[in-house]
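Geometric and topological summary
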Amino acid sequence: MMKNGKKVFGFGSALLALTLAMTGCTGGGGSSTVSGEAKGGEGSTAEAAGNAYVLGEQPLEFSFYGHYDWYTMPNWGEDKASEWIKANKKVNVVPISSGGNAKQKLSTMIVSGELPDVIWTERGADVESLRKAGALVPFDDYLDKYPNLKKWAGQETIDMLRSEDGKLYQFPNWYTTQPNGNAGYLVNKKIYNDLGAPSLETTDELYDYLVQVKAKYPDVVPLEVGQSAGGVDIMTSAFAENRPYQYSSLSMKAIPSGDALTSVFTDEVFRETLVYANRLYREKLISQDAFTQPLEQVEQKIITGKAAVYVASSPTEFGAIGNSILSEEDPEAGYIMVWPVHKEGLDKNKIFPGTYNQLGWNVSVITKSAKDPEAVFAFLDWLTGPEGQRISMWGPEGLYWDGVDEEEAPKFTDAFTSDTKGRDELMNSTVNLQWVGNTVYVDNSKMKFESTLPEDKKSWETKWQSEITWKTQYDTTEFVNLNPAGDTNEGIIEQSVGEIYEKAKAQAILNAGSEEEVLAILDQAEKDAQQVGYAQLLEYKTQKWKENLEKLGR
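Residues numbered from 1 in each chain as written. Predicted model: local features only at pLDDT ≥ 70, side-chain atom pairs only at ≥ 80, totals over all residues. Heavy atoms only, no water.

**Some details on the overall build of the protein chain**
Spelled out, the test is: A helix here means a DSSP run of H or I that spans at least four residues, while a strand means a run of E at least two residues long, and both kinds are numbered starting from the N terminus. Our radius of gyration looks at C-alpha atoms and nothing else; its globule reference is 2.2 Å times the residue count to the power 0.38. Under the scheme applied here, a residue whose accessible area is under 20% of the maximum for its type counts as buried, over 50% as exposed, and between as partly exposed, the area being computed with a 1.4 Å probe on protein chains only. Contact between two residues is taken to exist if any of their heavy atoms lie within 4.5 Å; hydrogens are not considered. Under the convention used here, a 1.4 Å probe and the Shrake-Rupley method define accessible areas, while residue burial counts only the protein chains that appear.
Secondary structure summary: the protein chain contains 22 helices and 16 strands in total. Radius of gyration (C-alpha) of the protein chain: 24 Å, near the 24 Å computed for a compact globule of 554 residues. Once the C-alpha set of the protein chain is aligned to its principal axes, its extents read approximately 70 × 60 × 40 Å. The 554 residues of the protein chain split such that 56% are buried. Taking the intrachain contacts of the protein chain between residues at least 6 apart in sequence as the baseline, contacts between residues at least 24 apart amount to 78%. With an accessible surface of roughly 22,300 Å², the protein chain has 48% of that area assigned to carbon and sulfur atoms.

What follows is the structure in structure tokens.
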């Protein structure tokens, strides 16, 4: 599954509102089309008919923009799932690419007065900027007519997604009411067994293992920490109990202490983690190009077996592909996962390298450019429901599943386990089309089926999810939506603190020659952050945190 979004750049709501007003962007004129005379506003097809819009009765086409530098939507209709949807539900999705520069692309569309019909982006400041400018369509009138979102996400999640005006504008992706996630430690099985399958429970044991790998396998990266050294963030979980990495990540940069959020730079767990990472870097035990390597380079290391250990927020994504390729060439090769590493003396059952929250990953919003927003919502609601999820995850009926049981879970065919290569290729082809993922339905369907299989027939990814990763993810719902809008005082401070954070993290890992130098870099970062208003930002985030706790009744 594609989870854990990349960085998105904000834009000022004041500028946006002015631009929208000048261009008339909020008044329609986008590219979505529905056949028939009635389109948009009071004349929408569903309202004219006095009932719910029915997918497949007439063609529906809308434009879709993924607001990420890294995202390129696959061509709609070229994979088995979207080909079926296009033929049977008469839905065509027209992609709009960011061109590798999402901030500039969205700004250009705003200035031209041509917003896409659907924008897929992070929750928070960008969405609120669009909402305040009057560019988004609220979903409240649709929730009872199209019941999948309300049924599967639940009222609490929907209420957490509401904007300040009390309305719902965001359709969540991979929302959940139960633990999920793939964060953790992937281990190269061939190398591990060759070195005697030593214990890898503690940070000291991990260090000793990496030293052995470096000595025996000079062409292998002992510890791959991924793009921008994201794996180092995950490793903060090893140095404290009940400590998700999110606290000290770039996205949050705030540590809960009592009833307030405090500085990441003075946090002992973050400081100890960077001291550890710096030592590994100086001894060439982790990726030497972690801060410059592209994601494709990380993937190549994993699928070709050139990493001994890989720590990441979703190592199973590349691990599943690598395990399939390597084990096909050599039955002794492939990947396993190990229980999350912890500092000596800590309870391993209280170590959480990953996080999840009820709201999931990101969201889709429908703009007023859409001629029939209700029809678009009807499609998204169908897609997040059981039938939509079955088809988008495992393809059309008759190939890897045939029929459903009393709980609407798919009845998987023999091909699901016998044709694992074809199944995985199909699933990989639709990863970047899963915009409204229903975690509970998908995960429970997989687990229900997997529980009936012998060990050698179980899916590699599902095996490790059930045995390790889902058991070691921490619920961080209370910490969602803490980030301020980019054009507010707090938003400007957040940008400055983020730059200080990124610079300090890189310097501490790459440039420090000792533990003392690492700590000195973080001490200076704390001073710099306070000078740009970090205390004010932390006060803002604390208030947002308390509002979340109140909504959740905690």
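After that view of the structure, there is still more to cover.
**Some details on the packing of aromatic side chains**
Selection criterion: By convention, a stacked pair of Phe, Tyr or Trp rings (six-membered ring in the case of Trp) has centres within 6.5 Å and planes under 30 degrees apart, an edge-to-face pair has planes over 60 apart, and any other such pair is tilted. Lysine and arginine charges are scored as sitting over a ring when NZ or CZ, respectively, is within 6 Å of the ring centre and within 35 degrees of the ring normal.
With the rule as written, the count across this model stands at 30 aromatic pairs. Each ring, one from Y68 and one from W361, has its centre 6.2 Å from the other, and the planes form 35 degrees; the classification is tilted. Of this pair, Y68 sits in the loop between β2 (60-66) and α3 (80-88) while W361 sits in the loop between β12 (354-356) and β13 (363-366), and the two are 293 residues apart along the sequence. In terms of burial, Y68 and W361 fall into one category: buried. Aromatic side chains Y247 and F479 sit 5.3 Å apart centroid to centroid with 75 degrees between the ring planes, which places their arrangement in the edge-to-face category. Separated by 232 residues along the polypeptide, Y247 in the loop between α10 (230-235) and β8 (255-257) and F479 in the loop between β16 (473-475) and α20 (489-510) bring together distant segments of the chain. Both residues of the pair, Y247 and F479, count as buried. In this structure, R279 is placed above the aromatic ring of Y207, and the distance from its NZ or CZ to the ring centre is 3.8 Å.

**Re the sheet that holds strand β7 (residues 221-224)**
What counts here: In this description, strands pair whenever DSSP reports at least two bridges between them. Think of each axis as a best-fit line through the C-alpha atoms, taken over the contacting stretch in the case of a helix, with angles from 0 to 180 degrees between the N-to-C directions.
Across the sheet, which stays open at both edges, the four strands sit in the order β7-β10-β6-β11 with mixed pairing between neighbours. Only two strands of the sheet have a single neighbouring strand rather than two, namely β7 and β11 (335-338). Neighbouring strand axes in the sheet, compared pairwise and without regard to direction, differ in orientation by 20 degrees on average. Summarising the sheet, strand β6 (residues 184-188) and strand β10 (residues 307-312) pair through four bridges and their orientation is antiparallel. From the neighbouring strand, G184 faces β10, where its bridge partner is A312.

**Describing helix α4 (residues 102-112)**
Heads up, the rule is: Working definition: the arc comes from the directions between the helix axis and the C-beta atoms, pointing outward to the latter.
Looking only at α4, the buried set comprises A102, L106, M109 and I110. All buried residues of α4 fall inside an arc of 100 degrees around its axis, so they share one side. Along α4, exposed side chains directed more than 90 degrees from the buried face belong to Q104 and V111. Just downstream of α4 lies G113, where phi reads positive at about 75 degrees.

**Some remarks on unusual backbone geometry**
The backbone phi angle of W174 is positive, close to 60 degrees, even though this residue is not glycine. You can see W174 is positioned in the loop between β5 (171-172) and β6. Of note in this structure, N242 is not a glycine but carries a positive phi near 50 degrees. Take N242: it is sitting in the loop between α10 and β8.

**As for empty space enclosed by the protein**
Filter applied, for reference: In this analysis, the protein atoms alone were mapped onto a 1 Å grid. Cavities are point sets where a 1.4 Å probe fits without being able to get out; pockets are open sets with protein on both sides within 12 Å along at least five of seven lines; lining residues have an atom within 4 Å of a point. Grid points are joined across faces, edges and corners, and a volume is the space filled by probe spheres set on the points. Three classes are used, and their members are as follows: Ala, Val, Leu, Ile, Met, Phe, Trp, Tyr, Cys and Pro are nonpolar, Asp, Glu, Lys and Arg are charged, and the others, Gly among them, are polar.
A complete count under the given rule lists one cavity of 30 Å³ or more for this structure. A volume near 70 Å³ is recorded for the largest cavity. Residue lining of the largest cavity: W76, D79, A81, S82, I85, L383, S392, T430, L433 and W435, and that is the complete set. No other element matches α3, which puts three residues into the lining of the largest cavity. For the lining of the largest cavity, the per-class residue count stands at six nonpolar, three polar and one charged.

**Topic: the layout of surface pockets**
Each pocket or cavity is described by its volume, and for the second largest pocket that value is around 520 Å³. Contributing elements (two or more residues each) for the lining of the second largest pocket: α5 (125-132), α7 (155-161) and α22 (534-552). Counting residues per element, the lining of the second largest pocket draws most heavily on α22, which supplies five residues. Residues that form the lining of the second largest pocket fall into these classes: seven nonpolar, nine polar and eight charged.

**Side note on the nonpolar core**
Under the convention used in this document: Buried residues of nine kinds, namely Ala, Val, Leu, Ile, Met, Phe, Trp, Tyr and Cys, make up a nonpolar core once their side-chain atoms join them within 4.5 Å.
Residues Y185, Y209, L223, F265, L280 and V309 are the most contacted members of the largest nonpolar core, which totals 81 residues. For this core, the leading source of residues is helix α11 (residues 268-282), giving eight residues. Each residue touching Y209, except ones within four places of it in the same chain, is listed here: V187, N188, I191, Y192, L195, P198, L200 and V309. The next biggest cluster of nonpolar side chains, apart from the first, holds 74 residues, and it includes V91, M109, V365 and V440.

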